Amino acid sequence: MILPGFGSEAQGKLSQAKVLIVGMGGLGCPALQYLVGAGVGTIGIMDADKISKSNLHRQLLFNENELGLLKVSVAAKKAKAQNSFVQMEEYPFAINQNNATEIIANYDLVIDATDNFSAKYLINDVCVWLKKPFVFGAVSGYEGQVAVFNSAKAGVVPIHYRHLFPVQPAVNEIATCEETGVVGVLPGIIGTMQAAEAIKLITGIGNPLCDRLLTYDFLTARWFDIEINSNEEIPAIDEHFINTTNYQIDCDMAESDVEDIDIDEIDVSQFLELKSDSNVFILDVRELHEYPTIDFSHAQIPMSTLKELMHQLPAKPICVICHQGIRSVYAAQLIKLHKQVEAYSLRGGLTAYFNKVNNEQ
Amino acid sequence: MEIQVIFFGSIIDITNTNQIMINDCIDTQSLMNELIAQFPSIGNKKYFVAVNQKMIQTNTLLKTGDTVALMPPFSGG
C-alpha cells in the first residue's frame, strides 16, 4: 500500500491489534468484513443468535444455505477464508454481567454492534471501567448513528454514552429493527463507518470521531454532526456500579413494577374468539406508519403515546396487538397496571395472525 | 424570532415531521414548553438537546436563526 501516511507502520499496528465486535447483525457483519480485509490481527466476535431468513437483507455475510447455523461460526469461517492471517475468537453467547469484563479485558478496542440498550449500557460501563475505547453504532428507522466513546486524551474526561443518556431507557420503550424493519443498507453504512473509525483508532491516522455524535439520515442523505460534552451528573462507573446495576430492566421503579405484572399471552385461535366478543376492546399499539393495515374493528394508540393516552381506554378487557407480539406484552402490562382491567397480548403479533388467516383461506 | 427545530429517531414518530419552525422562544426551556404543548408525548421521551449542533446541559438563550435538535437514544442494529 502506498497511500501517504498508511505505510508498513500502520499495517503493523493493525496486525498487532485485538478488536472485539459485540453483535454479528446488520452492524457487526460489515464491520467484521472490513476489519478482516484491513488485516486486524485478532478479532473476537460475540453473538448468541442463529442465522434466520429475516436477517439476510442486511447481514450480507450470510446466505440462504446457512439458515439455522450459529452466526459466529459462519462469520469466523468466512473471515478466515477472506484473510487467513486473522486470528478469530468465537463467543457464541450474549454479552452479560458475568462474562463482559473478562472478555473485554482481552481486547484493545470494542465495536458495539448490538441491537438493544441492555447490551449497549453494559458495554459502555465495562469499557469505562477497563479504560477501553469503543466505537458505538445504532440505527432507528431511517437514521443511523456512530461515535467513538471513551477514547482517552491527556487531561480530558473521555466522553461516553452515559454523558448523553445517563439512565438506560425502559425495555421495550423503543421498537427494534427486527420488529419494525430497516432498509438493509443503513446498518451497512453505519457498520462500515464503525470499521473506519476502528482503523483510525488503531493506526493513529487522522482524527477519530471523538466528542462528536454523527447521525446519518438515509432519506435526505445528510449527516448531522453534534458536538458532545461531558455531563457531571453521571454516576461513578466502577466494578461495584457494574455489579449492582440491573441492565435487564429499566432503573425506573415504575418500569420494573411493570415487568412483574402477569398478563395473558394468547395464540391466534384464542384471539379469533376474543375478537368476536364485543366486550373485548382490541388495541393496536403499532406506530401510525406501520403496515399492514388490519381488516377488523380495533382502536390504535401507538406505543410512543400510550402512557399519556391511557385515560382514553375503556374499563373493559383489552387485547393488545402489534407487529410481532413484543411491544404488545409491555403495553398489556402497562394497561393492567394503570387500568386494573384484564389485559391480553397476541403472541407472535399480526405476523402470526396473518400467517394463520391467509393459510386457512 | 424564528428557531428551527429538528427531530430524530423515535421522536419523529410523535411529530410526524423531522423539522418545524417555532417563534418567540427566548431560551431552550421556553422552546421545550412550547414543543411539549404541541406534542405532549415528547414530555415522556428521553432525549438530549443540541443548539447549533452542540449538546447543551442547561437552559440556553436562543436567537433568530438558531437550530435546536432533539436527539433520542438509538438502539437498533
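Everything numeric in this text was worked out from a predicted model, so none of it was measured.

Cut-offs and rules
- Residues numbered from 1 in each chain as written.
- Chains lettered and ligands numbered in written order.
- Predicted model: local features only at pLDDT ≥ 70, side-chain atom pairs only at ≥ 80, totals over all residues.
- Heavy atoms only, no water.
- Helix = DSSP H or I, 4+ residues; strand = E, 2+ residues; numbered from the N terminus.
- Rg over C-alpha atoms; globule rule 2.2 N^0.38 Å.
- Buried < 20%, exposed > 50% of the residue type's maximum accessible area, 1.4 Å probe, protein only.
- Areas by Shrake-Rupley, 256 points an atom, 1.4 Å probe, with all protein chains shown as cover.
- Salt bridge = Lys/Arg side-chain N within 4 Å of Asp/Glu carboxyl O.
- Contact = heavy atoms within 4.5 Å.
- Buried area = accessible area lost by both parts, 1.4 Å probe.
- Polar contact = N/O pair within 3.5 Å; in protein donor to acceptor, adjacent residues only side chain to side chain.
- Pairing = 2+ DSSP bridges.
- Domains from an automatic or database assignment.
- Expected span 1.5 Å × (residues − 1).
- Axes fitted to C-alpha atoms, helices over the stretch in contact; angles between N-to-C directions.

Right, let's talk about the overall build of chain B for a bit. Within chain B, the regular secondary structure consists of two helices and five strands. Seen in sequence order, chain B has helices and strands lined up from the N terminus as β-α-β-α-β-β-β. Compactness check: chain B gives a C-alpha radius of gyration of 12 Å against a globular reference of 11 Å for 77 residues, within 12% of the reference. Seen along its three principal axes, the alpha-carbon backbone of chain B occupies a region of about 35 × 25 × 20 Å. When the 77 residues of chain B are sorted by exposure, 53% land in the buried category. Surface accessibility of chain B: about 3,300 Å² in total, with carbon and sulfur atoms responsible for 48%.

A word on the pattern of salt bridges. All names here are of chain A. A full pass over the atoms with the stated rule returns 10 salt bridges over all chains. The partner of Arg162 in a salt bridge is Asp125, with the nearest N and O atoms 2.6 Å apart. Within this pair, whereas Arg162 is found in helix H6 (residues 161-164), its partner Asp125 is found in helix H5 (residues 117-130), the two being separated by 37 residues in sequence. By relative accessible area, Asp125 is classed as buried at 0%. Here Lys153 and Asp211 are joined by a salt bridge, their closest N and O atoms 2.9 Å apart.

Moving on to the interface of chain A and chain B. Contacts between the two partners involve 45 residues from chain A, matched on the other side by 29 residues from chain B. Together chain A and chain B conceal approximately 3,000 Å² of surface at their shared face, both sides included; 58% is due to carbon and sulfur atoms. Broken down residue by residue, the surface that chain A buries against chain B is led by Glu143, Phe165 and Phe224 of chain A, which jointly contribute 19%. In this structure, the connection of chain A to chain B is made through 11 residue pairs in polar contact (both at pLDDT 80 or more). Sorting the residues of the side of chain A that touches chain B by element identifies H5, strand E5 (134-140), strand E6 (143-149), H6, strand E7 (212-217), strand E8 (222-227) and helix H12 (306-309) of chain A as the ones contributing at least two each.

This part is about the pairing of E8 of chain A. Residues and elements named next belong to chain A. Sheet analysis places E7 next to E8, joined by six bridges and oriented antiparallel. Note on E8: the bridge partner recorded for Arg212 is Glu227. Where E7 hands over to E8, the hairpin turn is made up of four residues, of which Ala221 adopts a positive phi near 55°.

Time to look at the domain arrangement of chain A. On domain assignment, one finds that chain A holds domain 1 (8-252) and domain 2 (261-360). Inter-centroid distance (C-alpha atoms) of domain 1 of chain A to domain 2 of chain A is 34 Å.

To continue, consider the pairing of strand E5 (residues 67-71) of chain B. All names here are of chain B. Of all five residues that make up E5, five are buried, and the element is covered over most of its length. Judged by which residues are buried, E5 turns out to be covered on both faces: Thr67, Ala69 and Met71 on one side and Val68 and Leu70 on the other are all buried. The pairing of strand E1 (residues 2-7) with E5 spans four bridges and is classified as parallel. The residue of E5 that forms the bridge with Gln4 is Thr67. Sheet topology places strand E3 (residues 48-51) next to E5; four bridges connect them, and they run antiparallel. In the sheet register, Phe48 faces E5, and the bridge partner there is Met71.

Residue and element names in this part refer to chain A. Under the 1.5 Å per step criterion, the end-to-end length of helix H13 (residues 327-339) is 18 Å for 13 residues, consistent within 8% with the ideal 18 Å. By the burial criterion, the buried members of H13 are Arg327, Ser328, Tyr330, Ala331, Ala332, Gln333, Leu334 and Ile335. Just past H13, the residue Gln340 takes up positive phi, approximately 50°.

All right, on to the sheet that holds strand E11 (residues 299-300) of chain A then. Residue and element names in this part refer to chain A. Overall, parallel pairing links the five strands, which are arranged E9-E13-E12-E10-E11 in an open sheet. Two strands bound the open sheet, and with one partner strand each, they are strand E9 (264-266) and E11. Pairing analysis gives four bridges linking strand E10 (residues 281-284) to strand E12 (residues 318-321), with the strands arranged parallel. Bridge pairing in E12 links Phe281 to Ile318. The strands touched by helix H11 (residues 268-275) within the sheet are E9, E10, E12 and strand E13 (343-346), with E9 carrying the most contacts at an inclination of about 100°.

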